[in-house]
Amino acid sequence: LTAELIGMAGREGRRKAAFMGVLLGLGVCLRIQHAIVPLVVALWLIVSRRFWLAVVACAASMVPVLVFGFVDKLTWGGFLASFIGYVKFNLVAGGASIFGTQPWKWYLELFLHRLPMALPVLAILCLVGIRATWPFIVSALGLTILLSTQSHKEERFVMLFWPLVLIAAAAAAGAW
């Protein structure tokens, strides 16, 4: 949606930016670790000089967050209480460590194990098209780096890496 927004303006662009913002906010509510993606989207819009669309998308992304917060107020007794509890347990108190810990390079080793020969090819394709595909690459790497800082790691946490890298690599290959 962001790539489409770069070439749009007017009412239709604002509508699409609002829709995208709601989806991004919902995505963060469902998977807190994916918060890097909306940050890259906002950066992409700002770098593309679509400031108003960035404001609309960011404002719209708050709608699901506010709904989530008010549902928490009703069910947990405080605004965003489940989110705060999650962060306290998993990040502040290190509670996720009771489910197992892995070294920081575990995701890199996992990626190399999954695609030992194809991952370097994908990396080269991503680098060749980096001027056009940097938002996907930054999102994939940012997500992986963020998740690598946490001691508890699971493959399912980083599944978003694959579509982001494949989109970037396919765009570069398709341009040829």
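See the structure shown above.
Residues numbered from 1 in each chain as written. Predicted model: local features only at pLDDT ≥ 70, side-chain atom pairs only at ≥ 80, totals over all residues. Heavy atoms only, no water.

*Asks:* I keep staring at the overall build of the protein and nothing clicks. Help me out?
*Replies:* A count of helices and strands for the protein gives 9 helices and 0 strands. Overall, the protein shows an N-to-C arrangement of helices and strands of α-α-α-α-α-α-α-α-α. Taken along the three principal axes of its C-alpha coordinates, the protein extends 55 × 45 × 20 Å. Counting the 176 residues in the protein, one finds 35% classified as buried. For the protein, restricting intrachain contacts to residue pairs at least 6 apart in sequence, the fraction spanning at least 24 positions comes to 66%. Within the structure as shown, the protein displays about 10,500 Å² of accessible surface, and the carbon and sulfur contribution to it stands at 73%. Within the protein, the 6 negative side-chain charges are centred at a point lying 9 Å from the centre of the 14 positive side-chain charges. (Helix = DSSP H or I, 4+ residues; strand = E, 2+ residues; numbered from the N terminus. Buried < 20%, exposed > 50% of the residue type's maximum accessible area, 1.4 Å probe, protein only. Contact = heavy atoms within 4.5 Å. Areas by Shrake-Rupley, 256 points an atom, 1.4 Å probe, with all protein chains shown as cover. Lys, Arg positive; Asp, Glu negative; His and termini not counted. Charge placed at Lys NZ, Arg CZ, Asp CG, Glu CD.)

*Asks:* Whenever I open this one, the pattern of salt bridges confuses me. Can you help?
*Replies:* When the charged atoms of two side chains with opposite charge come close together, those side chains can pair. As enumerated under the stated definition, the model contains 4 salt bridges in all. Where Glu-4 meets Lys-16, a salt bridge forms, and the shortest distance between an N and an O atom there is 2.4 Å. One end of the pair, Glu-4, is in helix α1 (residues 2-6); the other, Lys-16, is in helix α2 (residues 10-30), and 12 residues separate them in sequence. Note that Arg-114 and Glu-155 form a salt bridge whose closest N and O atoms lie 2.7 Å from each other. Here Glu-155 lies in the loop between α8 (130-148) and α9 (161-175) and Arg-114 lies in helix α6 (residues 106-114), a separation of 41 residues in the sequence. A relative accessible area of 42% places Arg-114 in the partly exposed class. A relative accessible area of 26% places Glu-155 in the partly exposed class. (Salt bridge = Lys/Arg side-chain N within 4 Å of Asp/Glu carboxyl O.)

By themselves these figures say nothing about function.
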